[in-house]
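# Architecture and fold: a report
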Amino acid sequence: MALILRDVTQQFGETTIFQGLDLKVEQGCFCCIVGPSGCGKSTLLRIVAGLYAPAGGQVLLEDRPITLEDGEVGFVFQEDALFPWYTVEENIRFALRARKIDTSLWKDIIEHNLEKVGLAEYRKYYPKQLSGGMKQRVAIARVLAYNPKLLLMDEPFAALDSINRNMLQADLINLWEKERKTILFVTHNIDEAVFLAEKIVIMGCRPGRIKQVVELNLPRPRNRTDAEFCRSRRRILEMIESQTPAIPNIGRV
């Protein structure tokens, strides 16, 4: 197993965000986490990244505790988080410097990863000169540059229009099929989860718990209009809706 969570619990003050989470993610698996707002999906991702310490339990990467400093985990946020005063290649260079990658390798690494995301000709551009989708491509290239074993993605395409979102989903799958990195991907979009994932983790809330783990065996490339794709999407949606607290009917005032 690439990633193992054992009885993971998190609290903020008196509030229990989630408790008793157990999860195993296989090496090279594309795993999506879905569930109602407030169930702790993004918090869980930050615990796996080492940004937060859990209140209890263990998080193991290849049977070893994850540390923020080891460089084995990459994180792509919902916002691109690029430095606006750096060019595209300088943003990637910053990540290589932070991870203490041998400087003699920088040029080839930057070139290789810009080619991966189709942005080689934009290396001298600043973030303000790029579209939202291009910025996220740079963010992905910056993380891939130091070759993490585990890639965490927190709704990275949520702010994009549907056309760019679909294009980036397809590009991400192409990258994943070539490199087979282990990916843990948080999304509220069920269509996105079914398009991307081999495994979908469905969380419930108050406090957050893993309610279902669904293995998807849909062939690739996946067609969003295919009958089996639509059935899978409907099944996941029904599972999530069963975990979402009903909004009380307060009547008219």
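Quantities reported herein were computed from a predicted structural model and do not represent experimental measurements. (Residues numbered from 1 in each chain as written. Predicted model: local features only at pLDDT ≥ 70, side-chain atom pairs only at ≥ 80, totals over all residues. Heavy atoms only, no water.)

### Considerations on the pairing of strand β1 (residues 3-12)
- Bridge count between β1 and strand β2 (residues 15-25): seven bridges; the pairing is antiparallel. When the sheet's bridge partners are listed, Q10 is paired in β2 with F18.
- Two successive antiparallel strands, β1 and β2, enclose a turn made up of two residues, where G13 displays a positive phi of approximately 65 degrees. (Pairing = 2+ DSSP bridges. Helix = DSSP H or I, 4+ residues; strand = E, 2+ residues; numbered from the N terminus.)

### With respect to a nonpolar patch on the surface
- On the surface, a cluster of nonpolar side chains totalling about 350 Å² of accessible area is made up of F12, L51, Y52 and L68.
- Position of F12 relative to the elements: it lies in strand β1. (Patch = residues over 30% accessible without salt bridge, like charges linked within 9 Å, V, L, I, M, F, W, Y side chains within 5 Å. Areas by Shrake-Rupley, 256 points an atom, 1.4 Å probe, with all protein chains shown as cover. Salt bridge = Lys/Arg side-chain N within 4 Å of Asp/Glu carboxyl O.)

### Regarding the environment of I17
- With respect to the helices, strands and loops of the structure, I17 is situated in strand β2.
- What makes I17 buried here is its relative accessible area of 17%.
- Separated by 214 residues in sequence, I17 and R231 have C-alpha atoms that sit 31 Å apart.
- Not counting residues within four places of it along the chain, the set of residues in contact with I17 comprises Q10, Q11, F12, C39, G40, T43, P207 and G208. (Buried < 20%, exposed > 50% of the residue type's maximum accessible area, 1.4 Å probe, protein only. Contact = heavy atoms within 4.5 Å.)

### Here we look at the pattern of salt bridges
- Under the defined criterion, the tally for this structure stands at 16 salt bridges.
- When the shortest N-O distance is used, the salt bridge between R123 and E89 registers 3.9 Å. Separated by 34 residues along the polypeptide, R123 in the loop between α3 (106-116) and α4 (132-144) and E89 in helix α2 (residues 88-98) bring together distant segments of the chain. For the residue pair R123 and E89, the accessibility class agrees, reading buried in each case.

### A look at the side chain of Q136
- Within the secondary structure layout, Q136 lies in helix α4.
- Look at Q136 and you get buried, because its relative accessible area is 4%.
- Ignoring anything within four residues of it in the chain, the contact list for Q136 reads V76, F77, Q78, E79, D80, P156 and L168.

### Here's the deal with empty space enclosed by the protein
- If you walk through the whole model with that rule in mind, you get one cavity of 30 Å³ or more.
- Of the volumes computed, that of the largest cavity is approximately 70 Å³.
- Taken together, I140, L144, L151, L172, L175, W176, E179, K181 and I183 make up the full set of residues lining the largest cavity.
- Broken down by secondary-structure element, the contributors of at least two residues to the lining of the largest cavity are α4 and α5 (162-179).
- With four residues, α5 is the largest single contributor of residues to the lining of the largest cavity.
- Residue composition of the lining of the largest cavity, grouped by class: seven nonpolar, no polar and two charged. (1 Å grid on protein atoms, 1.4 Å probe; cavity = no way out; pocket = protein on both sides within 12 Å on 5 of 7 lines; lining within 4 Å. Points joined across faces, edges and corners; volume = space filled by probe spheres on them. Nonpolar A, V, L, I, M, F, W, Y, C, P; charged D, E, K, R; others polar.)

### Section: the nonpolar core
- Grouped together as the largest cluster of nonpolar side chains are 52 residues, with contacts concentrated most on F30, F185, I200 and I236.
- It is α4 that contributes the most residues to this core, seven residues altogether.
- Each residue touching I200, except ones within four places of it in the same chain, is listed here: C32, V34, A193, V194, Q212, V213, V214, L216 and I236. (Core = buried A, V, L, I, M, F, W, Y, C linked by side-chain atoms within 4.5 Å.)

### Concerning unusual backbone geometry
- The omega torsion across R220 and P221 is 0 degrees, close enough to zero to call that bond cis.
- Tracing the backbone shows P221 in the loop between β10 (209-215) and α7 (227-243).
- Of note, R180 is a non-glycine position whose phi angle comes to about 50 degrees, a positive value.
- Note on R180: relative accessible area 41%, which makes it partly exposed.

### A closer look at the sheet that holds strand β4 (residues 56-61)
- Taking strand neighbours across the sheet as the criterion, the four strands line up as β2-β1-β4-β5 in an open arrangement whose pairing is antiparallel. Among the strands making up the open sheet, the edge pair consists of β2 and β5 (64-65).
- Strands β1, β2 and β4 of the sheet are contacted by helix α1 (residues 41-49), whose axis makes an angle of about 120 degrees with β1. (Axes fitted to C-alpha atoms, helices over the stretch in contact; angles between N-to-C directions.)

### Some thoughts on the layout of surface pockets
- By volume, the largest pocket is sized at about 450 Å³.
- What lines the largest pocket is a set of 25 residues, and nearest its centre among them are F75, F77, R99, V143 and Y146.
- Elements that contribute at least two residues to the lining of the largest pocket include exactly β6 (73-76), α2 and α4.
- Sort the elements by how many residues they give to the lining of the largest pocket and β6 lands first, with four residues.
- In the lining of the largest pocket, the residues fall into 16 nonpolar, three polar and six charged.
- Of the pockets and cavities examined, the second largest pocket occupies roughly 180 Å³.
- The set of elements that each furnish at least two residues to the lining of the second largest pocket consists of α3, α4 and α5.
- Here the lining of the second largest pocket gets seven residues from one element, more than from any other, and that element is α5.
- Class assignment of the residues belonging to the lining of the second largest pocket gives a composition of five nonpolar, two polar and six charged.

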